Amino acid sequence: MISKRVVAVYPGSFDPITNGHLDVIARAARLADHLIIGILRNDEKTSLFSVAERIEMLKEVVTHLPNVEVSSFDGLLVEFAAAQGASFIIRGIRAVSDYEYELQMALMNRRLRPEIETVFLMAGEAYSFISSKLVKEVIAYGGNISGLVPASVESKLRKRLHGEN
Ligand code: PNS
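The structure displayed is predicted, hence computed values, not measured ones.

It is not clear to me how the site of the ligand should be interpreted in this structure. Could you clarify?
Taken together, the neighbourhood of the ligand is formed by 14 residues, with Gly12, Ser13, Lys45, Leu77 and Arg91 sitting nearest. At 2.5 Å, a side-chain N or O of serine 13 approaches an oxygen atom of the ligand. Take leucine 77: an N or O atom from its main chain is 2.8 Å from an oxygen atom of the ligand. In this structure, the ligand is accommodated by the largest pocket. Residue assignment for the shell around the ligand shows that the elements contributing at least two residues are β1 (7-12) and α4 (96-112).

Hey, could you run me through a nonpolar patch on the surface in this one?
Taken together, Val96, Tyr99, Leu103 and Leu107 make up a surface patch of nonpolar side chains, about 390 Å² in accessible area. By secondary structure assignment, the location of leucine 103 is in helix α4. When its relative accessible area of 32% is taken as the criterion, leucine 103 is described as partly exposed.

Cut-offs and rules
- Residues numbered from 1 in each chain as written.
- Predicted model: local features only at pLDDT ≥ 70, side-chain atom pairs only at ≥ 80, totals over all residues.
- Heavy atoms only, no water.
- Near = heavy atom within 4 Å.
- Polar contact = N/O pair within 3.5 Å; in protein donor to acceptor, adjacent residues only side chain to side chain.
- 1 Å grid on protein atoms, 1.4 Å probe; cavity = no way out; pocket = protein on both sides within 12 Å on 5 of 7 lines; lining within 4 Å.
- Sits in = over half its atoms within 2 Å of the grid points.
- Helix = DSSP H or I, 4+ residues; strand = E, 2+ residues; numbered from the N terminus.
- Patch = residues over 30% accessible without salt bridge, like charges linked within 9 Å, V, L, I, M, F, W, Y side chains within 5 Å.
- Areas by Shrake-Rupley, 256 points an atom, 1.4 Å probe, with all protein chains shown as cover.
- Salt bridge = Lys/Arg side-chain N within 4 Å of Asp/Glu carboxyl O.
- Buried < 20%, exposed > 50% of the residue type's maximum accessible area, 1.4 Å probe, protein only.

Honestly, it's all geometry; don't read function into it.
This is the structure in structure tokens:
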């Protein structure tokens, strides 16, 4: 029997990657034969880290997952996914509040490319309150973010926001 290679795309801003994202990546990497993390390039939001920096940060923290690749895209997510031969888009859901936006995006993406299915994964409950935005805010005001982002990301945040080495 010839079984199909399952390729999935996990898109996002990842500015920066959190332990919640990492938990979803590890789960998705178990479901797909090949997982491509797609960092959005044409983001209207101003980002703290450049796309190149985010690619580097992500690559550093997924080295233990051999079937995970880090890439970036601009334009429509579904077109990037199709070009990569992906049949699934992975999104993480934390709380009910995420659902409305995620449902809208999933249905729009389905309308654009019905053959690509969005799959929602729940990060572990310990990560359900973590967001890149809050992590940046807490560390900017001197709060403790250990355990919320990988150690390598924490030190890059300190350097960027407080000039520490
Ligand atoms: O981590 P984020 O910022 O919530 O990710 C949002 C992302 C990148 C998944 C979304 O903004 C996106 O897919 N942008 C690409 C443009 C696109 O395809 N827009 C239509 C989506 S319905």
